[in-house]
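Below, each chain spelled out in residue letters.
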Amino acid sequence: MKSILEELFDGNINPAELIIPRHPEYRPLNRKISDTILMWKDKLSEHDFQEPEELLDLRSQADSMYAEASFVYGFKLALWIMIEVMTGETEPVR
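Remember, it's a predicted structure, so these values are computed and weren't measured experimentally.

Within the protein chain, the regular secondary structure consists of four helices and zero strands. Going residue by residue from the N terminus, the α and β elements of the protein chain occur as α-α-α-α. Computed over its C-alpha atoms, the radius of gyration of the protein chain comes to 20 Å, more than 25% above the 12 Å expected for a compact globule of 94 residues. For the C-alpha atoms alone, the extent of the protein chain along its principal axes is close to 60 × 35 × 25 Å. Both charge centroids of the protein chain, one from 10 positive and one from 18 negative side chains, sit 6 Å from each other.

Here the focus is the pattern of salt bridges. Inspection of the entire model under this criterion finds two salt bridges. Taking the shortest distance from any N to any O, the salt bridge between Asp-10 and Lys-2 comes out at 2.5 Å. Looking at Asp-10, the relative accessible area reads 38%, which means it is partly exposed. The closest approach of N and O atoms between Arg-59 and Asp-63, which form a salt bridge, is 2.7 Å.

Turning to the packing of aromatic side chains, a few remarks are in order. Throughout the structure, instances matching the rule amount to two aromatic pairs. Here Tyr-73 and Trp-80 contribute two aromatic rings whose centre-to-centre distance is 6.2 Å and whose plane-to-plane angle is 85 degrees, an arrangement assigned as edge-to-face. Take Tyr-73: its relative accessible area is 48%, and that puts it in the partly exposed class. It is Lys-43 that lies over the ring of Trp-40; its NZ or CZ is 5.4 Å from the centre.

Among the surface-exposed residues, Glu-46, Asp-48, Glu-51, Glu-53, Glu-54 and Asp-57 lie close enough to one another that they form a single negatively charged patch. For Asp-48, the location among the structural elements is in helix α4 (residues 46-87).

What the largest pocket holds in volume is close to 690 Å³. Considering the residues around the largest pocket, the lining is formed by 19 residues, among which Pro-21, Tyr-26, Asp-63, Ser-64 and Ala-67 are closest to the centre. Going through the elements one at a time, α2 (15-18), α3 (26-43) and α4 are the ones with two or more residues in the lining of the largest pocket. Looking at which element gives the most residues to the lining of the largest pocket, the answer is α4, with seven residues.

The first and last C-alpha atoms of α4 sit 61 Å apart over 42 residues, in line with the 62 Å expected at 1.5 Å per residue. Looking one or two residues past α4, Gly-88 carries a phi angle of roughly 80 degrees, positive in sign.

The next thing to look at is a nonpolar patch on the surface. A contiguous nonpolar surface patch, about 650 Å² in accessible area, is contributed by Ile-19, Phe-71, Val-72, Phe-75, Leu-79, Met-82 and Ile-83. If you trace the backbone, Phe-71 turns up in helix α4. On the basis of relative accessible area, Phe-71 is assigned to the partly exposed category, the value being 42%.

Rules behind the numbers
Residues numbered from 1 in each chain as written. Predicted model: local features only at pLDDT ≥ 70, side-chain atom pairs only at ≥ 80, totals over all residues. Heavy atoms only, no water. Helix = DSSP H or I, 4+ residues; strand = E, 2+ residues; numbered from the N terminus. Rg over C-alpha atoms; globule rule 2.2 N^0.38 Å. Lys, Arg positive; Asp, Glu negative; His and termini not counted. Charge placed at Lys NZ, Arg CZ, Asp CG, Glu CD. Salt bridge = Lys/Arg side-chain N within 4 Å of Asp/Glu carboxyl O. Buried < 20%, exposed > 50% of the residue type's maximum accessible area, 1.4 Å probe, protein only. Phe/Tyr/Trp six-rings, centres within 6.5 Å; stacked < 30°, edge-to-face > 60°. Lys NZ or Arg CZ within 6 Å of the ring centre and 35° of its normal. Patch = residues over 30% accessible without salt bridge, like charges linked within 9 Å, V, L, I, M, F, W, Y side chains within 5 Å. Areas by Shrake-Rupley, 256 points an atom, 1.4 Å probe, with all protein chains shown as cover. 1 Å grid on protein atoms, 1.4 Å probe; cavity = no way out; pocket = protein on both sides within 12 Å on 5 of 7 lines; lining within 4 Å. Points joined across faces, edges and corners; volume = space filled by probe spheres on them. Expected span 1.5 Å × (residues − 1).

See the structure below:
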């Protein structure tokens, strides 16, 4: 069995693909979003639907950037906690 560092190096660990929220409202909310998008797609012409679709794509890009920043911060915070526990230092390492 490979270590987590080997798996990470080999590209076998991709947190963005592995994180699945367990909040009970997550799946129903996504289903409602999908249903609403399909409703608007049916109501609007292909041309008129293009602008909201582009807006949704931009929102998705922004959400991905936020998720990445949250992951990086969470990882650093976990390391700061480990360093404090191991060294007894109370000032965060930046």
